[in-house]
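Analysis of the macromolecular model
Single-letter residue listing:
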Amino acid sequence: KQEVTQIPAALSVPEGENLVLNCSFTDSAIYNLQWFRQDPGKGLTSLLLIQSSQREQTSGRLNASLDKSSGRSTLYIAASQPGDSATYLCAVRTVAGNQFYFGTGTSLTVIP
Amino acid sequence: SQTIHQWPATLVQPVGSPLSLECTVEGTSNPNLYWYRQAAGRGLQLLFYSVGIGQISSEVPQNLSASRPQDRQFILSSKKLLLSDSGFYLCAWSSSGALSGNTIYFGEGSWLTVV
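One structure accompanies this document, and this report is about it. (Residues numbered from 1 in each chain as written. Chains lettered and ligands numbered in written order. Predicted model: local features only at pLDDT ≥ 70, side-chain atom pairs only at ≥ 80, totals over all residues. Heavy atoms only, no water.)

Digging into the overall build of chain A
How we decide: Secondary structure elements follow DSSP: runs of H or I of four or more residues count as helices, runs of E of two or more count as strands, with numbering from the N terminus. Here's how the labels work: a residue is buried when its accessible area is under 20% of the maximum for its type, exposed when over 50%, partly exposed in between, all with a 1.4 Å probe on protein chains only. Note on contacts: a residue pair is in contact if any heavy atoms of the two residues lie within 4.5 Å. In this description, accessible areas are obtained by the Shrake-Rupley approach with a 1.4 Å probe, and a residue is regarded as covered only by the protein chains that are shown. Charged-residue counts in this description rest on Lys and Arg as positive and Asp and Glu as negative, His and the chain ends being excluded. Just so you know, the charge point we use is NZ for Lys, CZ for Arg, CG for Asp and CD for Glu.
Check the secondary structure of chain A and you find 0 helices and 11 strands. By principal-axis analysis of the C-alpha atoms, chain A measures approximately 45 × 30 × 20 Å. By the burial criterion, 43% of the 112 residues in chain A qualify as buried. Looking at chain A alone, contacts between residues at least 24 apart form 55% of all its contacts between residues at least 6 apart. Accessible surface computed for chain A: about 5000 Å², of which carbon and sulfur atoms make up 49%. Within chain A, the 8 negative side-chain charges are centred at a point lying 7 Å from the centre of the 8 positive side-chain charges.

Put into structure tokens, the structure is as follows:
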């Protein structure tokens, strides 16, 4: 069964810093990997989707990379802002069973 | 555009009482539908998913059940709630085609507290 792990579990940085969130998964047979943002008490909002044939995706200050063979992805956030404070989750869509498996998330706090 | 609605938003229920959470999707047809539970520090746990009317797959044995009476309606139920059923429940949908490019969309969630 696919297992998704995110490190660190929590991160606190001063405003303006660049930061990297990590995601690893055990089964490389995936259709895609996604990064989501979750604000407290809310649902998840998709940030970036990387298809299995792609290496990275960019949206504004966010850049996500995928190394499928090693089972790793990173989310890079440039010039962090207080509004970036949220929990960030990664998820993989598996080939077997066609399901989405989520990591436990990284809780990010950007200090003004 | 597609939208997903989930209700109720919050629920406080006594142990042993029944549960019904409802989810509907608009603007798409034949979606894949999912129920997840999010407990503190444990991430999202997939409870049920459905690829069509009446087709339900369960990921984990539990006190809950799911039904899909219509194409865009997904219901999470329990006959008798346990304290351990407390948590944040999220309904989600994804398109059934073009798998590699498909994202999953979430409702706003339902907070269930069993007392």
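Examining unusual backbone geometry
The omega torsion of the bond from I7 of chain A to P8 of chain A falls at 0°, within 30 degrees of zero and hence cis. When you line up the elements, P8 of chain A lands in the loop between strand 1 (4-7) and strand 2 (10-14). A cis amide bond links W7 of chain B with the next residue in sequence, P8 of chain B, at an omega value of 0°. Of note, P8 of chain B is situated in the loop between strand 1 (3-7) and strand 2 (10-13). Even without being a glycine, A79 of chain A presents a positive backbone phi close to 45°. Position of A79 of chain A among the secondary structure elements: in the loop between strand 8 (72-77) and strand 9 (86-94). Assessed through its relative accessible area of 37%, A79 of chain A is described here as partly exposed. Phi is positive for N30 of chain B, close to 50°, though the residue is something other than glycine.

Structural notes on the sheet that holds strand 3 (residues 19-25) of chain A
All names here are of chain A. Basically, it comes down to this: The rule for pairing is simple: two strands pair if DSSP sees at least two bridges between them. All axes here are fitted lines through C-alpha atoms, helices being fitted over the stretch that makes contact, and every angle between N-to-C directions spans 0 to 180 degrees.
The 5 strands are arranged 1-3-8-7-6 in an open sheet whose pairing can be described as antiparallel. Looking at the sheet topology across the chains shown, the edges are occupied by strand 1 and strand 6 (56-59). Going across the sheet, the axis of each strand differs from the next one's by a mean of 15°, ignoring polarity. Sheet analysis places strand 1 next to strand 3, joined by 4 bridges and oriented antiparallel. Directly across from Q6, in strand 3, lies its bridge partner C23.

Observations regarding the pattern of salt bridges
What counts here: Just to be clear on terms, a salt bridge is a Lys or Arg side-chain nitrogen sitting within 4 Å of an Asp or Glu carboxyl oxygen.
Scanning all chains against the criterion turns up 4 salt bridges over all chains. When the shortest N-O distance is used, the salt bridge between D84 of chain A and R61 of chain A registers 2.8 Å. Taken together, the positions of D84 of chain A in the loop between strand 8 and strand 9 and R61 of chain A in the loop between strand 6 and strand 7 (62-67) put the pair 23 residues apart, joining distant regions of the chain. Here R37 of chain B and D85 of chain B are joined by a salt bridge, their closest N and O atoms 3.8 Å apart. Taken together, the positions of R37 of chain B in strand 4 (residues 32-39) and D85 of chain B in the loop between strand 8 (73-78) and strand 9 (87-94) put the pair 48 residues apart, joining distant regions of the chain. By relative accessible area, R37 of chain B is classed as buried at 13%. On the basis of relative accessible area, D85 of chain B is assigned to the buried category, the value being 4%.

Overview of the interface of chain A and chain B
Spelled out, the test is: Accessible-area loss on putting two parts together, using a 1.4 Å probe and summing over both, is the definition of buried area adopted here. Definition of a polar contact: a pair of N or O atoms within 3.5 Å, with one able to donate and the other able to accept a hydrogen when the atoms are protein atoms, and with sequence-neighbouring residues admitted only if both atoms are side-chain atoms. Ten residue types, Ala, Val, Leu, Ile, Met, Phe, Trp, Tyr, Cys and Pro, are classed as nonpolar, four, Asp, Glu, Lys and Arg, as charged, and the remainder, Gly among them, as polar.
Counting residues at the interface gives 23 residues for chain A and 25 residues for chain B. Approximately 1800 Å² of surface area, both sides summed, lies buried where chain A meets chain B, with 52% of it carried by carbon and sulfur atoms. Linking chain A with chain B are 0 salt bridges, by the criterion used here. On the surface where chain A and chain B come into contact, there are 4 residue pairs in polar contact (both at pLDDT 80 or more). For the side of chain A that touches chain B, the secondary structure elements donating two or more residues are strand 4 (30-38), strand 5 (44-51), strand 9 and strand 10 (100-102) of chain A. Across the side of chain A that touches chain B, the residue classes tally to 8 nonpolar, 12 polar and 3 charged.

What about the nonpolar core?
How we decide: Definition used in this section: a nonpolar core is a set of buried Ala, Val, Leu, Ile, Met, Phe, Trp, Tyr and Cys residues joined via side-chain atoms within 4.5 Å.
Counting 23 residues, the largest nonpolar core has L33, W35 and L75 of chain A as the members making the most contacts within it. Broken down by secondary-structure element, the contributors of at least two residues to this core are strand 3, strand 4, strand 5, strand 7, strand 8, strand 9 and strand 11 (106-111) of chain A.

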